Amino acid sequence: MKRFRRHGQESQRERIKQELYGFNKTVEHGFPHQPSALGFSPSLQLLAIGTRSGAIKLYGGPGVEFMGLHDENAAVTQVHFLPHQVELVTLLDDNSLHMWTLRAHHGVSELLEIGRFTLTGPPGAPPSVTRVTAVLAHSSGDLLLLGTEGGHVFIVKVPGFRELEERNISLEKVTNGVPEDYGGRRSLEHVESLQENPVNPRQVLIGYGRGLMVIWDLDSQSAVTHIPATQQLESVWWTEDGGHVLSSHSDGSYCRWKVAGDDPQSEQEKSEVPYGHFPCKAISKIIQLPTEQGPPFLFLSGGMPRASYGDRHCISVIHSKTHVALDFTSRIIDFFVIRDGPYHTGEPSALVVLVEEELVVIDLQTEGWPVIQTPYLVPLHCSAITCSHHVSAIPLKLWERVLSAGALQNTHYSKKPWPMTGGQNLAPDPPQRDLLLTGHEDGTVRFWDASGVCLYPMYKLSTAGVFLTDSDPNDNLNQGTEGEWPPFRKVGCFDPYSDDPRLGIQKIHLCKYSGYLTVAGTAGQILVLELNDEAAEQTVEATVADLLQGQEGFRWKGHTRLEVREEPVTFPPGFQPFALVQCQPPAVVTALTLHSEWKLVTFGTSHGFGLYDYQQKNNVLVRCTLNPSDQLAMEGPLSRVKSIKKSLRQSFRRIRRSRVSLRKHHVNNAAKLQQANARLEAELAEMELAPVQRKIEPRSPDDSFTGLVRTLYFADTFISDSSHNTPSLWAGTNGGSVFAYQLRLPPVERRGEDPVTAHPAKEIQLMHRAPVVGILVLDGHGSPLPEPLEVAHDLARSPDMQGSHSLLVISEEQFKVFTLPKVSAKMKLKLTAIDGSRVRRVGVAWFGSTRTDDYGESGLTVLTNQGDLHVVSLPGVKLQVQYPCIRREDVSGIASCVFTKHGQGFYLISPSEFERFSLSARCVVEPRSLVEVSSETPSTTLPRALPDGASVERR
Amino acid sequence: MNKHHRVPSNRTLSSVEVKSKFGAEFRRFSLDRSKPGRFDEFYGLLQHVHRIPNVDLLVGYADVHGDLLPINNNDNYHKAISVASPLLRLFLQRKEEADYSAFGTDSLTRPKKTVLAAVLLRPDANRKKPPVIISLPRDFRPVSSIIDVDILPETHRRVRLYKHGQEKPLGFYIRDGSSVRVTPQGLEKVPGIFISRMVPGGLAESTGLLAVNDEVLEVNGIEVQGKSLDQVTDMMIANSHNLIVTVKPANQRNNIIRSSGGGGGAASGSSGRSSDSGASFYGYFTPGAAIVTTPAHIIQNFHPEELESDEDEEDLVIEADGEALPIPRAASASCSMPSLPRYEPHLNLRSTANGALASSTGSLSTVSTPDRGLEGRSLEEDGTLITL
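Nothing here was measured: the structure is a model prediction, and the numbers come from that model.

## Quick notes on the overall build of chain A
- Looking only at helices and strands, chain A has nine helices and 65 strands in total.
- Within chain A, the fraction of its 955 residues that count as buried is 58%.
- A total of about 40000 Å² of accessible surface is found on chain A, and carbon and sulfur atoms cover 50% of it.

Okay, structure coming up:
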C-alpha cells in the first residue's frame, strides 16, 4: 500500500517536472563562423548564408530566421534560390547538390532538405568532367544548368534532379563552333560563369575560364554568338536590356561587349583597368544596374593595384561622378544588390556584402552611402568576447536610458529601415526586457537586447579612456585624404586587434534597479560606473588594494598595473566611471559582486579578495587567501609553466627561421634544416613515449592556486546568532575554503561619514577541497535570498526571516547545505563521485509551470565540464533533469556559458556566435516565422528577376 | 637452485623459538611447531614462565613485516606460530595499562618494509594451512584490502585503498587504453582505463594489490566504461578519501580462488591461496559477537559508515573566536540524507586514533546503509571492511 502511494507521488512529481523543465536549443545569435557562400531571393526577400561547416542559414525581416545543416561535413560553396519559389539549391565542396525548401507546418515555416544529387559522368571519365563550378537556376524555375570543370554544361530538371542528357551542352559542341581565329584549338577550360539573357530566357551565356564566352540557344541547341575575350575570365554580367555583356578578368580589367542582334561575332566596346597602370588583382565579380535617370551603378569587387593595395578587401561602387572603394575588414565572400519596386527591378537601394567576419549593408539612396545597422548577424566578436553577464527583466526606465545613450553613439548609421523584409515574424512579443552584456578584449562592454530572437546591439561602453594606453585615439583619422587613389572608405566594425590586453574585461555586474555597473579586467582593475544621461568631465579616483597583506618573499612576474589618467576625462552620456580599485599584484579579477543597496563592491583575484565602499571610496576589507607556498599563483599568469605546445611552437619557429635563413644566405642551409628537423623529431618522439596519464591524488592544501577566489556573495542573514540578521560577505576559493564576514553598515543618515566595518565570522574548509564555485543563502522557506533592491522595488517577496536560514555551498564536486548561524552539514548532493563530471557554471533560476501561471519552483541550473546541463532543486538539492548540451571537448563553449534567471542560457558555439538554449518549459525564445510565395508572379517578359547573380565560387 | 641455501634447518622446521618480553624481562623457550596446542594453554604457559600468574595480559607478536599483532585466540595463535621463522617475538602487556595504539602500526618497522597485504599474493601452494579466521576488528588497523571476493568474478579484484590518516600519497597514475571484451558478436576491442604508473613508496604500490596495466573497471561501485580519462580521474579524486577500485589485474595468476561451496565468506586470505573461511564477515557484527566494550569514540573509527562516507564530518569550521571545530551534524539531517554518517566525530582523537585498536559493538550491525539508490553503491558496502 505504502509502495503504491509512493509510486503515485513519483509519477506526479514526474508530471510536474515535465511541466517545469524542457530542453531546447532555440536560436543562434551573432555572425556565422566561416561563411563561405551567399544567396539572395528577391521574390522572397530572404538572404541565405552557407558556412564552411555545412550549415545553411536564411534570414528575412528581423526575427525571421531559419537554419539547416547538411549531413555531409563539407563547406557550402554556392547557394541559389530557384526564382519565384521557396526552394533553394546548395552546392557543397564534395560536389553534391542539395535541394532545400521552406515548408509551412502548423502555421510556421521550417527549412527542410528535400533532395540531393551528384552529377555522374560517362563511365571512365575523369572526375573533373562532373566537378561543378557554375550553377544557374533558370528563371523558368524547373531547370538547373551546371557548368563543370571539364567545360561541359549539364542540364538538370528540378526539384527532382532529373538529368536531361539530350540537352547537355558538351565542350565538343561548343568547340566546333569556335571561330578559327580564336587562339588556336586550345582548351576552353572550365565553365566560369553561366548567365541567362534577362530578356530572352531561352538564351544563356556560358563563360569559359580561358576567356571565351558563348551565347547558347537552349531551343536550337546551338551557339548564337561568340565573345572572344582572351584574358582569364572571372565573372560575367548581362545588362538588363540584354544588349551588353560585361566581363571581368584576372588582370584587373573589365570589358563591355555589344551583343545585340544575331551577329555571330560580338565586338568589344570598351575595355578598362579601373586601378590601372601597374599590375592589378583580379576583379572577381562585376554587376551593373541601371537607374531611372542618369548613369548606371557599377559594382566591382577586387581589382586593386597588386603591389600597393593587394591586401585590401574592396568593392568599388561607381555611379556617375562618385567612385568609392569600400574597404572591408576581412575577405569578401560575395555581394548582391537589393532593388526597389514591386518586382525588385527598380532603383538599386542597398548593397549587401558578406565578408568573412561580418555582413555590411550600404544604403545607396542616401547621400554619402551610409551603412545600415543590421538587426541580426551582428559581429559579436568585433573584439574577442572575454566574458558575459545576463540581466533579466530590466525596468523600463533603465532600458530607455540605455537605449538613448546607445542612440547617440549610432548617429553615423543610415536612418533607412532594414531592407530585407522576407517572411512574417510570428513569435510572440518577449514577456520581458532582457540584457546581455559582453565584455571584450579591448576593454569595451557591449549591451545587447536579448529579449527576443534578434540579439540587437543597444549600447557600447568603453573603459579604455580611464587609462593611459599606447594607442593614439587619432589613429584612425588619417584616411580620406584629398585626391587619394583608389578612393578608400573603411566600412565594418570587425576589429580584432586590442591595443592593450590588460584592458580586457573579465567580470561584469549590473544592478538593474539603481543603474550601477561594475566591471573588472585583466590587470586587476575594478571600475564602478553609474548611468548618467549627460556627458560629464571627471577624474576617476583610484584606490589600490594590496591583496598580499604583507606576504613576503614573492615577486610578481606578470603584467604591470594600468596607468590611470590623472587629468579629468570627458565621458559621453551613458555609463560613466566614478571609482576605480586597482589590485596589487595586478592579477586578473576572478570574482566580482556589487550590492547597490549597501553601496559595496567586492572583488577577488588569485591572491585574495577585497571589499570596497563606493560611497566613501575606500577599502573596507582586504584579505589575502594565498597559500604561502604557492609560488605559481604569485608569479603571474603561467610564468613558469612551460607547455608542450609552446616548446613545439618554438621548434617550428626554429625550423621556419632556418628555412628563412636558407633562402637568404644559401649557406649551410641543408645542415641547419636537418638539425632543426632532427630536434623536432626527437621532441615529438619524447612526447609519444610519455602516454597521456593522470595522477590520482587527493587535493592538498599545497596545490597551486588554492587561494584563487572563485565566488563572492552578499547576504543579509543570520551569520552569528539566530535572532539578528546582519549583512554579510561570503567568499569561496579554489581550495575549497569559504570565508564569511559580518558587515556593519552605518545608519542611512550617517552612511557618508561613519565607516563600514567587516569582521571575520566564519571560515569553512571543505574537506574534499574542490573549488567553491557558488555560495547561496536560502531563507526560512528555502528560497534563495532576493537581489538587492528587489524587495524595495516590490518585485520580490521579502525573504522569510522567521525560519532558520541555510547556506548552500556549491563546489565543483558537490552541493552541500549547512545550517545557519551554526554551520553544520544538513544535506548534500554529490556529483563528481557519482559520474565524474564537475560543476563548471551554476546559476539560480525560477522555473514556471506550463500548466498554471501561479506555480513555479526555484532551482539551480548547472553546466558540467562534460557539457551536460542539470537542474538541481532547491532547497532539497536533488537532481531533477539532465540534458547533454555541449560537446565536452568544446572547452571554450562550456566556459562561455551564462544562465538567465528564467532557465535560459547562452554559450559561444564559435568566436562569433551565441547559441541560446532553454531549460524551462515555459520560458522559450525561439524563431517562429512564416514564408509564403507571393501569388503574383511577374510575367516573364519583365527584365531580370534574378539580380543576385550566380555566386562566384570560393574555395 | 639458489633457494636451497635458504631452506631452514630441520631444527627450525620442527620447533619454534620463542622470545617473550614483559616489561624489561625476557624469557626464552621453544614450542613444537606441529603441535602448538590451544591459546589458553599457551596463555597459561606465558603466565607461568614470566611468573605472573594472576596478571591479565595482552599478548602481541612481531610478524614478518614488523607489525605488532595480537594473539588472543586459537587462530591468531596458530598463525603466529606458523609464520615464526625461526624466532617468535612476543610482547606482553598488562591489560589495564596496554597501549593499544602500538598495535598494527609500524612501531616495529625494520628498514625493509614489506607489505602486509602482499602476503595474499605470494604464490605458496605447497603449504596447506588451516583456515585462518580474522580476529576481532579491534585487533587490527584498517588497511587497504581486497573486498567483495564473494560477489565478484574471480578475474576481477576490488581493492579498497585505505588512506586514512596516512601521509603516503595514493601514488598511481591512470591512462587510456584498449581492452578486448567477449561479446555475442565475438571479440571486440573497447576503450578502457588502465593503471599506467605506480609511485614508489605510495599507498597503491605498498599494498601490492594494484599493478601497472591493471584495467580499472569500477570506481566506488560505478562502472567507468564510456567515461573519459578525465572523468575517471575526477571520480577517483572525489572518492580519494575512501577509494574503492575494481580492477582486472594484468597478472591473472594471483587471483583468489574461491571454493565452490563457499558460504558467503569474504576474503580472509593471509596465505597466498585464500580459502573459504566459512565465517562470513557479518558474523562479527552481530550483537553477540561484541565481546569487549570500549569507549564509544573508538568504535567509530571502525564504523562502516565512516569508511563508507567520505570527508563529511571533517569539514572544518572556524568560528569568529578562532577555534577550529569540525562541522557537527544538524539534528534533522539524517532523515533527509541517508548517506550521511550518524555520529559525532571527534577530531581531537584522530591523531591517536590512526590505526588504533577498536572493538566491535552492536552498533556495527548497520553495515549497509539502508536506502542508497544505486545498486552499485550498495555493492561496495557488502564487502569486508578489514582483511589481513
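## A few points about the overall build of chain B
- A count of helical and extended segments in chain B gives ten helices and 14 strands.
- The burial tally for chain B puts 49% of its 388 residues in the buried class.
- Partitioning the contacts of chain B with sequence separation of at least 6, the portion at a separation of at least 24 is 67%.
- When the accessible surface of chain B is totalled, it reaches about 18500 Å², and 54% of it is carbon and sulfur.

## Digging into the nonpolar core
All names here are of chain A.
- Residues Trp730, Leu807, Leu808, Phe815 and Leu860 are the most contacted members of the largest nonpolar core, which totals 36 residues.
- At the level of secondary structure, the elements contributing two or more residues to this core comprise strand S50 (709–717), strand S52 (737–744), strand S53 (757–765), strand S54 (772–778), strand S55 (806–811), strand S56 (814–819), strand S57 (825–830) and strand S59 (856–864).
- Take this core: its biggest share by element is six residues, from S54.
- Once you skip the residues sitting within four places of it in the chain, Phe815 turns out to touch Leu808, Val809, Ile810, Met827, Lys828, Leu829, Val839, Leu860, Val862, Val872 and Val877.
- Of all hydrophobic cores here, the second largest spans 34 residues; its members include Val402, Leu435, Ala464 and Leu529.

## Considering the packing of aromatic side chains
All names here are of chain A.
- For the structure shown, the criterion picks out 24 aromatic pairs over all chains.
- Between Phe447 and Phe575, the ring centres sit 5.2 Å apart and the planes meet at 20°, which makes this aromatic pair stacked. Taken together, the positions of Phe447 in strand S33 (residues 444–449) and Phe575 in strand S44 (residues 574–584) put the pair 128 residues apart, joining distant regions of the chain. Taken as a pair, Phe447 and Phe575 share a single burial class, namely buried.
- Among the aromatic side chains, those forming a connected cluster through ring pairs are Phe23, Tyr883, Phe899, Tyr907 and Phe917.
- The ring of Phe335 carries Lys285 above its face, with NZ or CZ at 5.1 Å from the centroid.

## Some details on the interface of chain A and chain B
- Taken residue by residue, the interface counts 42 residues in chain A and 47 residues in chain B.
- Counting each side, the surface lost to burial between chain A and chain B is near 3800 Å², with a carbon and sulfur contribution of 53%.
- In terms of surface lost to chain B, no three residues of chain A exceed Arg694, Ile696 and Met767 of chain A, which account for 19% of the buried area on that side.
- The tally of links between chain A and chain B comes to three salt bridges.
- Put simply, Asp315 of chain B and Lys816 of chain A hold a salt bridge, and the shortest N to O gap is 2.5 Å.
- Across the chain A-chain B interface, the total number found is 14 residue pairs in polar contact (both at pLDDT 80 or more).
- For the side of chain A that touches chain B, the elements supplying multiple residues, two or more each, are strand S49 (693–696), S53, S56, S57 and helix H8 (832–835) of chain A.
- Its residues assigned to classes, the side of chain A that touches chain B shows 15 nonpolar, eleven polar and 16 charged.

## Some remarks on the sheet that holds strand S25 (residues 322–328) of chain A
Residues and elements named next belong to chain A.
- Across the sheet, which stays open at both edges, the five strands sit in the order S22-S23-S24-S25-S36 with mixed pairing between neighbours. Strands at the two margins of the open sheet, each flanked by one partner only, are strand S22 (283–289) and strand S36 (488–490). Across the sheet, the mean angle from the axis of one strand to that of its neighbour is 20°, orientation sign disregarded.
- Note that S22 and strand S23 (residues 297–302) share six bridges and pair antiparallel. Bridging across to S23, Leu289 finds its partner in Phe297.

## Points about the UniProt feature "domain: PB1" (unreviewed entry) in chain B
- Taking the numbering used here, the UniProt-annotated feature "domain: PB1" (unreviewed entry) corresponds to residues 15–95 of chain B.
- Secondary structure within residues 15–95 of chain B divides into 27% helix and 42% strand; the distance between the first and last C-alpha atoms comes to 29 Å.

## Here we look at the environment of Val391 of chain A
All names here are of chain A.
- Checked against the element boundaries, Val391 lands in strand S30 (residues 385–391).
- Take Val391: its relative accessible area is 6%, and that puts it in the buried class.
- As a C-alpha pair, Val391 and Thr900 span 509 residues in sequence and 6.9 Å in three-dimensional space.
- Residues within four places of Val391 in sequence aside, it is in contact with Arg433, Asp434, Leu435, Leu437, Leu510 and Lys512.

## A closer look at the UniProt feature "domain: Lethal giant larvae homologue" (unreviewed entry) in chain A
- Feature annotation in UniProt places "domain: Lethal giant larvae homologue" (unreviewed entry) on residues 272–370 of chain A, given in this structure's numbering.
- Strand forms 51% of residues 272–370 of chain A and helix 4%; the C-alpha atoms that close the span are 28 Å apart.

## Observations concerning the sheet that holds strand S20 (residues 254–258) of chain A
Residues and elements named next belong to chain A.
- If you trace the four strands from one edge of the open sheet to the other, you get S18-S19-S20-S21, paired in antiparallel fashion. The sheet is open, and its two edges are formed by strand S18 (233–238) and strand S21 (267–272), each paired on a single side. Taken pair by pair, the neighbouring strands of this sheet meet at an average axis angle of 20°, ignoring direction.
- Both S20 and S21 contribute to a ladder of five bridges, which runs antiparallel. If you follow Trp257 over to S21, its bridge partner there is Gln268.

## Considering the side chain of Gln742 of chain A
All names here are of chain A.
- Checked against the element boundaries, Gln742 lands in strand S52.
- We classify Gln742 as buried; its relative accessible area is 12%.
- In this structure the side chain of Gln742 is engaged in a polar contact, spanning 3.3 Å, whose partner is the side chain of Ser720.
- Among all residues touching Gln742, those that are not within four sequence positions of it are Ile719, Ser720, Thr726, Pro727, Thr757, Ala758, His759 and Ala761.

## Description of the environment of Gly422 of chain A
All names here are of chain A.
- Along the polypeptide, Gly422 turns up in the loop between helix H4 (396–409) and strand S31 (424–425).
- The sequence separation of Gly422 and Leu58 amounts to 364 residues, and the corresponding C-alpha distance is 9.9 Å.
- For Gly422, the contacting residues outside a window of four places in its chain are Leu44, Gln45, Leu46, Gly60, Gly61 and Val64.

## Details of the confidence of the model for chain A
All names here are of chain A.
- Averaged over chain A, the pLDDT score is 86; the fraction of residues at 70 or greater is 88%.
- Taken together, the stretch residues 638–645 has pLDDT below 50 and engages in six contacts with residues farther than four places along the chain or on a different chain.
- Confidence drops under a pLDDT of 50 for residues 936–955, and excluding neighbours within four residues, the segment shows 54 contacts in the predicted structure.

## Quick word on helix H2 (residues 39–50) of chain B
Residues and elements named next belong to chain B.
- The end-to-end C-alpha distance of H2 is 16 Å, a good match for the 16 Å that twelve residues give at a rise of 1.5 Å each.
- Looking only at H2, the buried set comprises Phe39, Phe42, Tyr43, Leu46, Gln47, Val49 and His50.
- A positive phi of about 60° marks Arg51, the residue just after H2.

## What about the state of the cysteines?
All names here are of chain A.
- In total, this model carries zero disulfides over all chains according to the counting rule given.
- Here Cys923 stays free of any disulfide, with the sulfur of Cys897 as its closest cysteine sulfur at 15 Å.
- The class for Cys923 is buried, based on a relative accessible area of 18%.

## Thoughts on unusual backbone geometry
All names here are of chain A.
- A cis geometry characterises the amide bond from Gln584 onward to Pro585, with omega recorded as -5°.
- You can see Pro585 is positioned in the loop between S44 and strand S45 (591–595).
- For the bond running from Leu820 to Pro821, omega is 0°, close enough to zero to count as cis.
- Within the secondary structure layout, Pro821 lies in the loop between S56 and S57.
- Although it is not a glycine, Leu377 sits at a positive phi angle of roughly 55°.
- With respect to the helices and strands, the residue Leu377 is situated in the loop between strand S29 (371–372) and S30.
- Assessed through its relative accessible area of 2%, Leu377 is described here as buried.

## Quick notes on the side chain of Gln616 of chain A
Residues and elements named next belong to chain A.
- Tracing the chain through its elements places Gln616 in the loop between strand S47 (608–613) and strand S48 (618–624).
- Within the structure, the side chain of Gln616 is placed 2.8 Å from the backbone oxygen of Arg751, a separation counted as a polar contact.
- The contacts of Gln616, once residues within four sequence positions are left out, are Arg751, Gly752, Glu753, Asp754 and Pro755.

## Considerations on the confidence of the model for chain B
All names here are of chain B.
- Considering every residue of chain B, the mean pLDDT works out to 64; 51% of them sit at 70 or more.
- Scored below 50 in pLDDT, residues 1–12 shows four contacts in the model against residues more than four places distant or in partner chains.
- In the predicted structure, residues 260–313 sits below a pLDDT of 50 and forms 141 contacts with residues beyond four places in sequence or in another chain.
- The complex prediction reports pTM at 0.77, with the ipTM value standing at 0.79.

## Here's the deal with the pairing of strand S2 (residues 25–32) of chain B
- Strand direction decides the pairing type here: strand S1 (residues 15–22) of chain B and S2 of chain B, joined by eight bridges, are antiparallel. Across the sheet, Ser20 of chain B pairs through a bridge with Arg27 of chain B, a residue of S2 of chain B.

## Brief notes about helix H3 (residues 74–83) of chain B
- Of all the residues in H3 of chain B, the buried ones are Asn76, Tyr77, Lys79, Ala80 and Ile81 of chain B.
- The N-capping residue of H3 of chain B, defined by a side-chain oxygen 3.1 Å from the backbone nitrogen of Asp75 of chain B, is Asn73 of chain B.

Conventions we followed
Residues numbered from 1 in each chain as written. Chains lettered and ligands numbered in written order. Predicted model: local features only at pLDDT ≥ 70, side-chain atom pairs only at ≥ 80, totals over all residues. Heavy atoms only, no water. Helix = DSSP H or I, 4+ residues; strand = E, 2+ residues; numbered from the N terminus. Buried < 20%, exposed > 50% of the residue type's maximum accessible area, 1.4 Å probe, protein only. Areas by Shrake-Rupley, 256 points an atom, 1.4 Å probe, with all protein chains shown as cover. Contact = heavy atoms within 4.5 Å. Core = buried A, V, L, I, M, F, W, Y, C linked by side-chain atoms within 4.5 Å. Phe/Tyr/Trp six-rings, centres within 6.5 Å; stacked < 30°, edge-to-face > 60°. Lys NZ or Arg CZ within 6 Å of the ring centre and 35° of its normal. Buried area = accessible area lost by both parts, 1.4 Å probe. Salt bridge = Lys/Arg side-chain N within 4 Å of Asp/Glu carboxyl O. Polar contact = N/O pair within 3.5 Å; in protein donor to acceptor, adjacent residues only side chain to side chain. Nonpolar A, V, L, I, M, F, W, Y, C, P; charged D, E, K, R; others polar. Pairing = 2+ DSSP bridges. Axes fitted to C-alpha atoms, helices over the stretch in contact; angles between N-to-C directions. UniProt positions renumbered as here; feature names shortened; annotations may be inferred. pLDDT = per-residue confidence, 0-100. Expected span 1.5 Å × (residues − 1). Disulfide = S-S within 2.5 Å.

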